[in-house]
Amino acid sequence: MNKLLNILGLAMRAGKVIAGEDQVLRAIKSGKAKFILLSQDAGRNTKKRITDKCNTYQVPMDQYGTREELGSAIGKPERVVIAITDAGFTREIQKLIQS
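Residues numbered from 1 in each chain as written. Predicted model: local features only at pLDDT ≥ 70, side-chain atom pairs only at ≥ 80, totals over all residues. Heavy atoms only, no water.

### Regarding the side chain of Ser39
Stage number 1. Of note, Ser39 is situated in the loop between strand S2 (35-38) and helix H3 (44-57).
Stage number 2. Accessibility expressed as a relative area gives 0% for Ser39, which makes it buried.
Stage number 3. Not counting the four nearest positions on each side in its chain, Ser39 is found in contact with Gln63, Tyr64, Gly65, Thr66, Arg67, Leu70, Arg79 and Val80. (Helix = DSSP H or I, 4+ residues; strand = E, 2+ residues; numbered from the N terminus. Buried < 20%, exposed > 50% of the residue type's maximum accessible area, 1.4 Å probe, protein only. Contact = heavy atoms within 4.5 Å.)

Here you go:
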């Protein structure tokens, strides 16, 4: 497992992760979401819905890994989209994605 997935696991244990499409959309609208991570194998409709909300509410977003990898990293079954609600975890994840 790589470092980014390990950080997702830490964020989950710290209570700074929201998983699942409906919950993530609510977090974006409420301003809780600091960063959105979408799996690379997300469906076209899900990708459009999440991307549109992120653009509207100006929440940074990126795609990484598969739904199985994201779910496994946070100790859940498959997850297509994850919201990070902490600025510190967001910075670390963005650094790892860019490198």
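### Overview of the environment of Cys54
Stage number 1. Along the chain, the position of Cys54 falls in helix H3.
Stage number 2. Sequence separation between Cys54 and Ile28 is 26 residues; the distance between their C-alpha atoms is 7.0 Å.
Stage number 3. Look past the residues within four positions of Cys54 in its chain and what remains in contact with it is Ile28, Ile36, Val59 and Met61.

### What to know about the packing of helix H2 (residues 21-30) against H3
Stage number 1. Interhelical geometry of H2 versus H3 gives an angle of 15 degrees and a closest axis separation of 10 Å. Classified by the interaxial angle, the pair formed by H2 and H3 is roughly parallel. Judged by the twist between their axes, the crossing of H2 over H3 is left-handed. Residues Glu21, Val24, Leu25, Ile28 and Lys29 of H2 form the contact with H3, whose participating residues are Thr46, Arg49, Ile50, Lys53, Cys54 and Tyr57.
Stage number 2. Residues of the contact of H2 with H3, tallied by class, amount to 6 nonpolar, 1 polar and 4 charged. (Axes fitted to C-alpha atoms, helices over the stretch in contact; angles between N-to-C directions. Parallel < 35°, antiparallel > 145°, perpendicular 65-115°, else oblique. Left-handed = near helix turned anticlockwise from the far one by under 90°. Nonpolar A, V, L, I, M, F, W, Y, C, P; charged D, E, K, R; others polar.)

### Describing helix H5 (residues 87-98)
Stage number 1. With 12 residues, H5 extends 16 Å from end C-alpha to end C-alpha; this agrees with the ideal 16 Å at 1.5 Å per step.
Stage number 2. Those residues of H5 lying buried are Phe89, Thr90 and Ile93. Down the axis of H5, the smallest arc covering the buried residues is 100 degrees, so these residues share one side. When the buried face of H5 is taken as reference, the exposed residues oriented beyond 90 degrees from it are Arg91, Lys95 and Gln98. (Expected span 1.5 Å × (residues − 1). Arc of directions from axis to C-beta.)

### Let's talk about the confidence of the model for the protein chain
Stage number 1. Considering every residue of the protein chain, the mean pLDDT works out to 95; 99% of them sit at 70 or more.
Stage number 2. Per-element confidence in the protein chain ranges from a low mean pLDDT of 94 for H5 to a high of 97 for strand S4 (residues 81-84). (pLDDT = per-residue confidence, 0-100.)

### Side note on the pairing of S2
Stage number 1. Here S2 shows no split at all, with Phe35 and Leu37 on one side and Ile36 and Leu38 on the other all buried.
Stage number 2. Here 4 bridges tie S2 to S4, and the two strands are oriented antiparallel to one another. Pairing of Leu37 across the sheet is with Ile82, part of S4.
Stage number 3. Where S2 meets strand S3 (residues 61-63), 3 bridges bridge the pair, whose relative direction is parallel. Note on S3: the bridge partner recorded for Leu38 is Gln63.
Stage number 4. Of the crossover connections in this fold, the one passing from S2 over H3 to the parallel S3 is right-handed. (Pairing = 2+ DSSP bridges. Right-handed = clockwise from strand over helix to strand, strands pointing away.)

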